[in-house]
Amino acid sequence: MGEAGDGDLPPIGVARAEVLQVGLPLLEPFVTSFGPTSSRHVVLIRLEDEAGHVGWGEAAPLDHPFYLPDFVGGTFELVTRWALPMCLTADVRRPRQAATAMAPIRGNTFGRAGVEAAFWALHAERAGCSLRDLIGGEASRIPVGESIGIKPTIEEVVEEAGLRLREGYRRIKLKIAPGWDVEVVRETRRAVGPDVMLQVDANGGYVLSDADHLSELDAFDLACIEQPLAFDDLLGHVELQRMLSTPVCLDESLRSPGHVRAALDLGACRNVNLKPGRVGGITAALEIERECRDRGIPLWCGGMLESGIGRAPNIALCSLPGFTQPADMSPASVLYEDDLIDPTFEVGSDGCIDVPTRPGLGYPVVEARVRSRVVRWAELGGDGNVRARGEEKENGGP
Ligand code: OSB
Ligand code: MG
């Protein structure tokens, strides 16, 4: 388990751990080709060491299994029964050894990533170091784009795009689905002009026989078409990419560094959306960043409508040089009534957000707000045993 230099490092000793499923107050449903996401919960992992240092991580699959198989209720169980105990009983001295400890778990990338993130945050807190510095990030500000969901009318999409561009956002991504594609792209391109970076995300809503229809999108100079085909159809994307001049970007299909290598070797995509949660954590994300940088593949950080706790490590990752395109990183003010961190981050008039330099997670967690939103919880000892668990029915939720 150890590696060179580990002898000098003390174990990241966890005295107490908590798993908290919390509800986030979405301002409006987020609609994609797989349907509306109107209820949003995430699983938070809170680690505390003997000295009282705290590390927070967030596992952010969706509430339902329509984006990928992972869903919040299953992820709560995965974290409580396996992922966290496997880390607490291992000799974790570096955060990446948490990833190693969880390696026997198949799939369940979001749960593993949330636990690993908590170890990164706790390690950074103990070292008095920012996450950015811990991973060797360079940028102090990162460019951001908005992901605009399917809306009742094209006019509402065009209006939202215009608003964000006036605010400074660096690019616009439109959700598309059969029956909501060429027209919404044509009208948005017409409204924003030729110089704005524009792209689309189909969330697996099409089949290969839609290729002729999708090739109509080639006329609009899109930066990419994200996940046009099913999440498990790598070879379909190889064929489709041959038929489109627009770069195919993969999201759902890429759930590990091996998937990214396979997709690039096969020609299934020319652009990569990296969500640390989707690929199993920060260690896997670092491997993918290096792979894309070495190959000269445009890379950007996607989002899962995370709270600020979930977005924080992703912002740190975006400071690495391999991230060459704007991130899906709308601040909580766009998505939620409030955030779980305060102060949270905002997008400046240059379309960028600051990469935090504070130690640990980088943002103060509003613990009272977190606790008021808990719908399901578990408490574990440093030995990995569950001491207590329960549900808070008055907060509702799944
Ligand atoms: O496909 O990128 C996606 C949100 C939830 C699930 C999947 C996706 C998205 C987004 C939102 O596009 C991006 C964000 O977090 O702002
Ligand atoms: Mg996507």
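Residues numbered from 1 in each chain as written. Chains lettered and ligands numbered in written order. Predicted model: local features only at pLDDT ≥ 70, side-chain atom pairs only at ≥ 80, totals over all residues. Heavy atoms only, no water.

1. So, the coordination of the magnesium ion (ligand 2)
Rules: Sites may look incomplete, because water is not among the atoms used; the donor set itself consists of N, O and S atoms within 2.8 Å of the metal (3.2 Å for Na, K and Ca). Only DSSP runs of H or I reaching four residues or more are called helices, and only runs of E reaching two or more are called strands; each is numbered from the N terminus. To sort residues, take the accessible area from a 1.4 Å probe on protein chains only and compare it with the maximum for the residue type: under 20% means buried, over 50% means exposed, and anything in between is partly exposed.
Looking at the magnesium ion (ligand 2), the protein donor atoms are D201 (OD), E226 (OE) and D251 (OD), and they sit 2.0 to 2.2 Å from it. Taken in sequence order, the residues that donate to the magnesium ion (ligand 2) follow the motif D-x24-E-x24-D. Here D201, found in strand β8 (residues 197-201), pairs with E226, found in strand β9 (residues 225-226); they are 25 residues apart in sequence, far enough to count as distant. The residues D201 and E226 share a single accessibility class, namely buried.

2. Observations concerning unusual backbone geometry
In the segment running from D342 into P343, the intervening peptide bond is cis, with an omega of 0 degrees. Its place among the elements puts P343 in the loop between α13 (332-335) and β14 (352-354). Positive phi values are uncommon outside glycine, yet Q227 reaches one of about 40 degrees. Mapped onto the elements, Q227 comes out in the loop between β9 and α8 (234-243). For Q227, a relative accessible area of 0% corresponds to the buried category.

3. A closer look at helix α12 (residues 308-317)
The α-helix advances 3.6 residues per turn, and as a result positions three or four apart in sequence lie on the same side. Stated formally: Whenever a nitrogen or oxygen atom comes within 3.5 Å of another N or O atom, the pair is scored as a polar contact, on the condition that within protein one atom can donate a hydrogen and the other can accept it, and that pairs from neighbouring residues in sequence are kept only if both atoms are in side chains.
Within α12, ten of the ten residues are buried, which leaves the element mostly enclosed by the surrounding structure. For α12, the full list of buried residues reads G308, I309, G310, R311, A312, P313, N314, I315, A316 and L317. The opening residue of α12 is S307, an N-cap whose side-chain oxygen sits 3.1 Å from the backbone nitrogen of I309.

4. Focus on the site of ligand 1
Inclusion rule: Here a residue counts as near a molecule or strand whenever at least one of its heavy atoms sits within 4 Å of it. For accessible areas, the Shrake-Rupley method is used with a probe of radius 1.4 Å. Any residue's cover is judged against the shown protein chains and nothing else.
As a matter of local geometry, ligand 1 sits amid 16 residues, with S147, K175, N203, L305 and R311 nearest to it. Within the contact set of ligand 1, an oxygen atom lies 2.8 Å away from a side-chain nitrogen or oxygen of R311. Here ligand 1, which alone exposes 390 Å², has 99% of that area covered by the protein.

5. Examining the packing of aromatic side chains
Definition in use: Paired rings are identified among Phe, Tyr and Trp, the last through its six-membered ring, by centres lying within 6.5 Å, and are further divided according to the angle between planes into stacked (under 30 degrees), edge-to-face (over 60) and tilted (the rest).
Enumeration according to the criterion identifies two aromatic pairs in this entry. Both rings, one in F345 and one in Y363, keep their centres 6.0 Å apart while their planes meet at 50 degrees; by these two values the pair is tilted. Here F345, found in the loop between α13 and β14, pairs with Y363, found in the loop between β14 and α14 (367-372); they are 18 residues apart in sequence, far enough to count as distant. The pair F345 / Y363 is uniform in exposure class, with both members buried.

6. Let's talk about the confidence of the model for the protein chain
This is how the line gets drawn: Each residue carries a pLDDT value, the predictor's own confidence for that position, ranging from 0 to 100.
Per-residue pLDDT for the protein chain averages 96, and the proportion of residues at 70 or more is 97%. Element-level mean pLDDT values for the protein chain span from 94 in strand β3 (residues 35-37) up to 99 in strand β10 (residues 248-250).

7. Looking at helix α1 (residues 72-88)
This is how the line gets drawn: One axis is fitted to the seven residues ending at the residue and one to the seven starting there. The bend at that residue is the angle between these axes.
At V79, α1 shows its largest kink, close to 50 degrees. Among the residues making up α1, those that are buried are V72, T75, F76, L78, V79, T80, A83, L84, P85, C87 and L88.

8. Overview of the state of the cysteines
Covalent bonding between the sulfur atoms of two cysteines is what defines a disulfide. Rules: Cysteine sulfur atoms are paired as a disulfide whenever they fall within 2.5 Å.
The full count for this structure, using the stated rule, is zero disulfides. Among the cysteines around C249, which has no disulfide bond, C224 carries the closest sulfur, lying 4.4 Å off. Given a relative accessible area of 0%, C249 falls into the buried group.

9. Details of the pairing of strand β7 (residues 171-175)
The following threshold applies: Two strands qualify as a pair provided that DSSP identifies no fewer than 2 bridges between them. For crossovers, right-handed means that the path from the first strand over the helix to the second runs clockwise, given strands pointing away from the viewer.
Of all five residues making up β7, five are buried, and the element is well covered by its neighbours. Of the two faces of β7, the one carrying R171, K173 and K175 and the one carrying I172 and L174 are both buried. With four bridges connecting them, strand β6 (residues 141-148) and β7 associate as parallel partners. Across the sheet, E146 pairs through a bridge with I172, a residue of β7. Crossover connection from β6 via helix α5 (residues 154-167) to parallel β7: handedness right-handed.

10. Details of the pattern of salt bridges
As a reminder, the rule being used: The salt bridge definition used is simple: a Lys or Arg side-chain nitrogen within 4 Å of an Asp or Glu carboxyl oxygen.
By the definition in use, this model includes 40 salt bridges. For the salt bridge of E160 with R164, the shortest nitrogen-to-oxygen distance reads 3.3 Å. Of the two residues, E160 and R164 are both situated in helix α5; the distance of four residues between them amounts to about one turn of the helix. The exposure classification of E160 matches that of R164, with both residues buried. Here E391 and R376 are joined by a salt bridge, their closest N and O atoms 3.5 Å apart.

11. Looking at empty space enclosed by the protein
Over the atoms rolls a probe the size of a water molecule, and in doing so it shows where empty space is left. Selection rule: Cavities and pockets were defined on a 1 Å grid built from protein atoms only: a cavity is a group of points that admits a 1.4 Å probe but offers it no way out, a pocket is an open group of points flanked by protein on both sides within 12 Å along at least five of seven lines, and a lining residue is one with an atom within 4 Å of any such point. Grid points are joined across faces, edges and corners, and a volume is the space filled by probe spheres set on the points. Residues are sorted three ways: Asp, Glu, Lys and Arg are charged, Ala, Val, Leu, Ile, Met, Phe, Trp, Tyr, Cys and Pro are nonpolar, and all the rest, Gly among them, are polar.
Under the defined criterion, the tally for this structure stands at four cavities of 30 Å³ or more. In this structure, the largest cavity encloses a volume near 140 Å³. Along its surface, the largest cavity is lined by 16 residues, and E58, P276, G277, G310 and N314 are the ones closest to its centre. Looking at the lining of the largest cavity, the elements that each hand over two or more residues are β5 (54-59), α3 (109-127), α10 (276-279) and α12. If one sorts the elements of the lining of the largest cavity by residue count, α3 sits on top with four residues. Residues belonging to the lining of the largest cavity are distributed by class as follows: nine nonpolar, four polar and three charged.

12. A few points about the layout of surface pockets
As a volume, the largest pocket reaches approximately 520 Å³. Along the walls of the largest pocket sit 36 residues, with F30, S147, G149, L305 and L335 positioned nearest its centre. Residue assignment for the lining of the largest pocket shows that the elements contributing at least two residues are β2 (30-32), β6, α5, β7 and α13. With four residues, the top contributor of residues to the lining of the largest pocket is β6.

13. Concerning the packing of α5 against helix α6 (residues 182-192)
When two helices pack together, their arrangement is given by the angle between the helix axes and by the axis-to-axis distance. Selection criterion: To get an axis, fit a line to the C-alpha atoms, keeping to the stretch in contact for a helix; angles then go from 0 to 180 degrees between the N-to-C directions. Put simply, a crossing is left-handed when the front helix is turned counterclockwise from the back one by less than a right angle, and right-handed when it is turned clockwise. Contact between two residues is taken to exist if any of their heavy atoms lie within 4.5 Å; hydrogens are not considered.
Across the interface, α5 lies against α6 with an axial gap of 10 Å and an inter-helix angle of 35 degrees. Crossing handedness for the pair α5 and α6: right-handed. Contact residues: α5 offers I154, V157, V158, A161 and L165, while α6 offers E183, V184, E187, T188, A191 and V192. When its residues are assigned to classes, the contact of α5 with α6 shows eight nonpolar, one polar and two charged.

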